[in-house]
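Chain by chain, the residues run as shown.
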Amino acid sequence: TIAPVRKICCIGAGYVGGPTMAMIAKQCPDIQVKVVDINEARIAQWNSDTLPIYEPGLHDVVVESRGRNLHFTAEVDEAIAEADMIFISVNTPTKDFGVGAGRAANLEFIEKCARKIAEVSSGHKIVVEKSTLPVRTAEAVKAILSRASSGATFDVLSNPEFLAEGTAVEDLLAPDRVLIGGESEQAIQALVEIYANWVPRERLLTTNLWSSELSKLTANAFLAQRVSSINSISALCEATEADVDEVAMAIGTDSRIGPKFLKSSVGFGGSCFQKDILNLVYLCEFFGLPEVAEYWEQVVKMNDYQKQRFVHRIVRTLFNTVSDKKIAIWGFAFKKDTNDTRESAAIYICRDLLREKAKLCIYDPQVNPEQIRKDLAAVLKNGDSELSQASAQLLADNVEIVSDLKTASKDAHAIAVLTEWDEFATADFASIHDSMKKPAFIFDGRNVLKELPLAELGFEYHGIGFRR
Ligand code: NAD
Ligand code: UGA
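Note that the structure is a prediction, hence the values are computed from the model and not measured.

Trainee: Just checking my understanding: could you explain the overall build of the protein chain for this structure?
Mentor: Within the protein chain, the secondary structure is distributed over 17 helices and 14 strands. Over its C-alpha atoms the protein chain spans a radius of gyration of 24 Å, differing by no more than 12% from the 23 Å that the globule rule assigns to 468 residues. Each principal axis of the C-alpha atoms in the protein chain carries an extent, and together these give about 75 × 45 × 45 Å. A sequence separation of at least 24 residues applies to 75% of the contacts in the protein chain between residues at least 6 apart.

Trainee: Would you mind going over the UniProt feature "domain: UDP-glucose/GDP-mannose dehydrogenase C-terminal" (unreviewed entry) in the protein chain with me for this structure?
Mentor: The UniProt record marks residues 328-451 with the feature "domain: UDP-glucose/GDP-mannose dehydrogenase C-terminal" (unreviewed entry), using the residue numbering of this structure. Across residues 328-451 one finds 37% helix and 15% strand; the C-alpha atoms that close the span lie 20 Å apart.

Trainee: Can you walk me through the site of ligand 1 in this structure?
Mentor: As a matter of local geometry, ligand 1 sits amid 27 residues, with Gly12, Gly14, Tyr15, Ser131 and Thr132 nearest to it. Among the elements that make up the shell around ligand 1, the one with the highest residue count is helix H5 (residues 108-120) (three residues). Partitioned by chemical class, the residues of the shell around ligand 1 number 12 nonpolar, 10 polar and five charged.

Trainee: I would appreciate a short explanation of the pairing of strand E9 (residues 326-330) in the present structure.
Mentor: Regular strands show a simple pattern: their side chains alternate between the two faces of the sheet. Among the five residues of E9, five are classified as buried, and the element is accordingly described as predominantly covered. Side-chain alternation along E9 places Lys326, Ala328 and Trp330 on one buried face and Ile327 and Ile329 on a second face that is also buried. Pairing between E9 and strand E10 (residues 359-363): five bridges, direction parallel. Counted as the bridge partner of tryptophan 330 is tyrosine 363 from E10. Traced from E9 through helix H13 (residues 345-355) to E10, the parallel crossover comes out right-handed.

Trainee: Just checking my understanding: could you explain the site of ligand 2 for this structure?
Mentor: Close to ligand 2 lie 20 residues; Lys263, Ser265, Phe268, Gly270 and Cys272 are nearest. Counting residues per element, the shell around ligand 2 draws most heavily on helix H9 (residues 209-240), at three residues. For the shell around ligand 2, the residue count by class is 11 nonpolar, five polar and four charged. Two domains each put at least three residues into the shell around ligand 2: domain 1 (7-207) and domain 2 (273-462).

Trainee: What am I meant to see in the confidence of the model for the protein chain here?
Mentor: Should the pLDDT be low somewhere, the predicted coordinates at that spot are not to be read in detail. The predicted model of the protein chain averages 97 in pLDDT, with 100% of residues at 70 or higher. The complex prediction reports pTM at 0.96, with the ipTM value standing at 0.98.

Trainee: Please clarify how the environment of lysine 410 should be interpreted in this entry.
Mentor: Examined against the element boundaries, lysine 410 turns out to sit in the loop between helix H16 (405-409) and strand E12 (414-417). On the neighbour-count criterion, lysine 410 (17 C-beta atoms within 10 Å) is partly exposed. It is 34 Å that separates the C-alpha atoms of lysine 410 and phenylalanine 261, two residues lying 149 residues apart in sequence.

Trainee: Can you walk me through unusual backbone geometry in this structure?
Mentor: Note on backbone geometry: most residues besides glycine have negative phi, and most peptide bonds are trans. Note the cis peptide between lysine 438 and proline 439, where omega equals -5 degrees. Phi angles above zero are rare outside glycine, and phenylalanine 319 is one such case at about 60 degrees. Mapped onto the fold, phenylalanine 319 is located in the loop between helix H12 (290-317) and E9. The exposure class assigned to phenylalanine 319 is exposed, which follows from the 10 C-beta atoms found within 10 Å. Its identity is not glycine, yet lysine 357 carries a phi of approximately 70 degrees, on the positive side. With respect to the helices and strands, lysine 357 occurs in the loop between H13 and E10.

Trainee: Even after reading the chapter, I still don't get helix H1 (residues 17-27), so can you show me in this structure?
Mentor: Given 3.6 residues to a turn, an α-helix orients residues that are three or four positions apart in the same direction. Here H1 lies mainly inside the structure; 10 of its 11 residues are buried. Three or more residues of H1 are buried, namely Gly17, Gly18, Pro19, Thr20, Met21, Ala22, Met23, Ile24, Ala25 and Lys26.

Trainee: Even after reading the chapter, I still don't get the environment of alanine 101, so can you show me in this structure?
Mentor: Position of alanine 101 among the secondary structure elements: in the loop between strand E4 (85-88) and H5. Overall, the presence of 12 C-beta atoms within 10 Å leaves alanine 101 in the exposed class. Expressed as a C-alpha distance, the spacing of alanine 101 and tyrosine 282, which sit 181 residues apart in the sequence, is 9.7 Å. Excluding residues within four positions of it along the chain, alanine 101 makes contact with Lys95 and Asp96.

Trainee: How do you make sense of the domain arrangement of the protein chain when you look at a structure like this?
Mentor: One frequently used descriptor of interface size is the decrease in accessible area upon assembly of the parts. Domains assigned within the protein chain are domain 1 (7-207) and domain 2 (273-462). Here domain 1 and domain 2 have C-alpha centroids that lie 33 Å from each other. Across the boundary between the two partners, domain 1 contributes 15 residues, which contact 14 residues of domain 2. Split into classes, the residues belonging to the side of domain 1 that touches domain 2 amount to nine nonpolar, four polar and two charged.

Trainee: Looking at this model, I keep getting lost on the sheet that holds E10. Mind explaining?
Mentor: The strands making up a sheet associate through backbone hydrogen bonding, with each pair oriented either parallel or antiparallel. Pairing in this open sheet of six strands is parallel, and the strands run E11-E10-E9-E12-E13-E14 from one edge to the other. Each edge of the open sheet is held by one strand with a lone partner, namely strand E11 (399-401) and strand E14 (460-462). Neighbouring strand axes in the sheet, compared pairwise and without regard to direction, differ in orientation by 20 degrees on average.

Trainee: I'm lost on the packing of H1 against helix H3 (residues 58-65) in this one. Help?
Mentor: A pair of packed helices is captured by two measures, namely the crossing angle of their axes and the spacing between those axes. With their axes 9 Å apart at the nearest point, H1 and H3 run at an angle of 50 degrees to one another. Taken together, the axis directions place H1 and H3 in an arrangement best described as oblique. Remark: the crossing between H1 and H3 carries left-handed chirality. Across the interface between the two elements, Pro19, Ala22, Met23, Ala25 and Lys26 from H1 touch Leu58, Val61, Val62, Glu64 and Ser65 from H3. Taken together, the residues of the contact of H1 with H3 sort by class into seven nonpolar, one polar and two charged.

Trainee: Looking at this structure, I do not really get the sheet that holds E4. What am I missing?
Mentor: The strand order across the open sheet built from eight strands is E3-E2-E1-E4-E5-E6-E7-E8, with neighbouring strands paired in mixed fashion. Single-partner strands in this sheet number two, and they are strand E3 (70-73) and strand E8 (204-207). The sheet shows a mean angle of 25 degrees between the axes of neighbouring strands, direction not considered. In the sheet, strand E2 (residues 32-36) pairs with E3 via four bridges, with the strands oriented parallel. Looking at E3, one finds that valine 36 is bridged to threonine 73. Where H9 meets the sheet, it contacts strand E6 (153-158), strand E7 (178-182) and E8, and its direction lies at approximately 140 degrees from that of E7.

Conventions adopted
Within each chain, residues carry numbers counting from 1 in the order of the written sequence. To read the labels, note that chains go from A and ligands from 1, taken in the order they are written. This being a predicted model, a pLDDT of at least 70 is required before a residue's local features are given, and a value of 80 or more before pairs of side-chain atoms are given or counted; all residues contribute to the totals for chains, interfaces and linings. Only DSSP runs of H or I covering at least 4 residues are called helices, and only runs of E covering at least 2 are called strands; the numbering of each starts at the N terminus. We compute the radius of gyration over the C-alpha atoms and compare it with the globule rule, which gives 2.2 Å times the number of residues raised to the power 0.38. Throughout, a residue-residue contact means that the two C-beta atoms, derived from backbone geometry, are no farther apart than 7 Å. UniProt positions are given in the numbering used here, feature names are shortened, and annotations may be inferred rather than shown by experiment. The rule is simple: place the C-beta atom from the backbone, and if it lies within 6 Å of a molecule or strand, the residue is near it. Here the term charged refers only to Asp, Glu, Lys and Arg, the term nonpolar to Ala, Val, Leu, Ile, Met, Phe, Trp, Tyr, Cys and Pro, and the term polar to all other amino acids, Gly among them. In this scheme the burial state of a residue depends on its C-beta neighbours within 10 Å: 20 or more other such atoms mean buried, 12 or fewer mean exposed, and anything in between means partly exposed; the C-beta positions come from the backbone. When DSSP locates at least two bridges between a pair of strands, those strands are taken to pair. If you view a crossover with the strands going away from you and the path from the first strand over the helix to the second runs clockwise, you call it right-handed. Boundaries of every domain are those given by an automatic assignment or by a domain database. Confidence scores here are pLDDT values: one per residue, from the predictor, ranging 0 to 100. Axis lines are fitted to C-alpha atoms, over the contacting stretch for helices. Their N-to-C directions set the angle, which ranges from 0 to 180 degrees. An angle below 35 degrees is read as roughly parallel, one above 145 as roughly antiparallel, one from 65 to 115 as roughly perpendicular, and any other as oblique. Crossing chirality is assigned from the near helix's rotation relative to the far helix, an anticlockwise turn below a right angle marking it left-handed and a clockwise turn marking it right-handed.

Here it is in structure tokens:
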């Protein structure tokens, strides 16, 4: 029999490893939790007052256990060696080189973790895949672990994470479900008992390893598909005077469809949806299922189309030229309540507006200006190792990053709302209108200003999926 877990190590102190382990430490005061990372700067941030990620409520959860039964450390080997259970929560980005480039997941970091665990372990340990992985990755993890020279033995579980950024603490406190896949009933039970400290048992779902691995990619594919589906309808609404929010409400009241995740937008972003769908597409091709691959790839194509459509609408409406015109960009994060910009629609919209020679003035309440410059430089490089002279010039001359909405909007020809931050709806639109060039346009990529009397103030207002 496997003894109850007393010591946990989590490899990877990122958006997933940090919050999930802080929640386990909070709910299980008898378990010692160590979160390790090779990135020492990140570990130092977790140990400081300014955490490396912004999530509502996270600071309190971390501070409650930090130094008691929650530790962030760069001493990777030691933490692995003493743990009974090891979570692997490292990044699994899209591969950008070699076979499967642009689609397959880069499993280099996962494999390195497995090799490190094999190298420093003794006795018996449970290894938990927390990262999002292609189905059958556990096969490779098991193959590496089973050859540990020390003779250590392992059980491997899959326990994908379903938290969304911006609501990570809420999601971890009261998850819809926790999914645990494995082969050994005892190992599964060891992990079940940890979550059972705060999650009702009927929400603890157990499956075989492969179902669990595949369910994570499938869940993200279905969620992203809903966004692409409603976004495809938004284009049709704009052509027909239907209103996409009314359509979403009308279909969402059908309990079989449900109301959530039907908010039309400038396109989904975030580190995972696109990466996970492309990975699913790659897997389908790998397993000889091109029709299935093509079906899912369309979700990403529709998302790209939605972003392009938004830029085209801005350019067309601004009399077919935005060259040398100031455009205020409201929001750069991929959704509200996070400082994360990975794959944010804003990156691509800003890139395309810069290529049209617009002058951008960007404001986001949480994203660090350095990050915005880094993201824009990366996308303007377009895969090259160096930024071209012309792109460097664009970035220097045509991008300004400011710390309030008013400055962003002063003398602007248009405002483009790209993130649904709550504070945008309560801005002082009368004085913003006064300070803008006329006609003053608003392109609301999130429909968050839709209910405001902006036309009365003199704005020409455009949203997604309706016409006025
Ligand atoms: P992240 O990039 O924020 O964090 C990963 C961390 O792992 C980094 O700090 C990196 O330094 C560290 N790392 C990489 N290799 C290491 C090694 N060999 N040893 C020690 N540390 C190492 O990534 P994330 O957003 O936390 O995502 C992690 C995984 O969880 C991914 O597979 C992702 O798809 C999945 N996921 C993410 C979210 C999300 O909201 N971000 C939600 C659910 C699932
Ligand atoms: C998503 C999933 O919701 C999580 O369950 C999953 O764990 C996570 O991916 C992951 O695997 O990383 P996240 O990307 O953090 O979480 O945020 P979401 O709330 O899903 O939003 C993703 C994107 O879709 C955002 O850009 C958001 O603005 C957009 N979106 C979402 C819409 O445009 N419309 C909607 O109705 C919902």
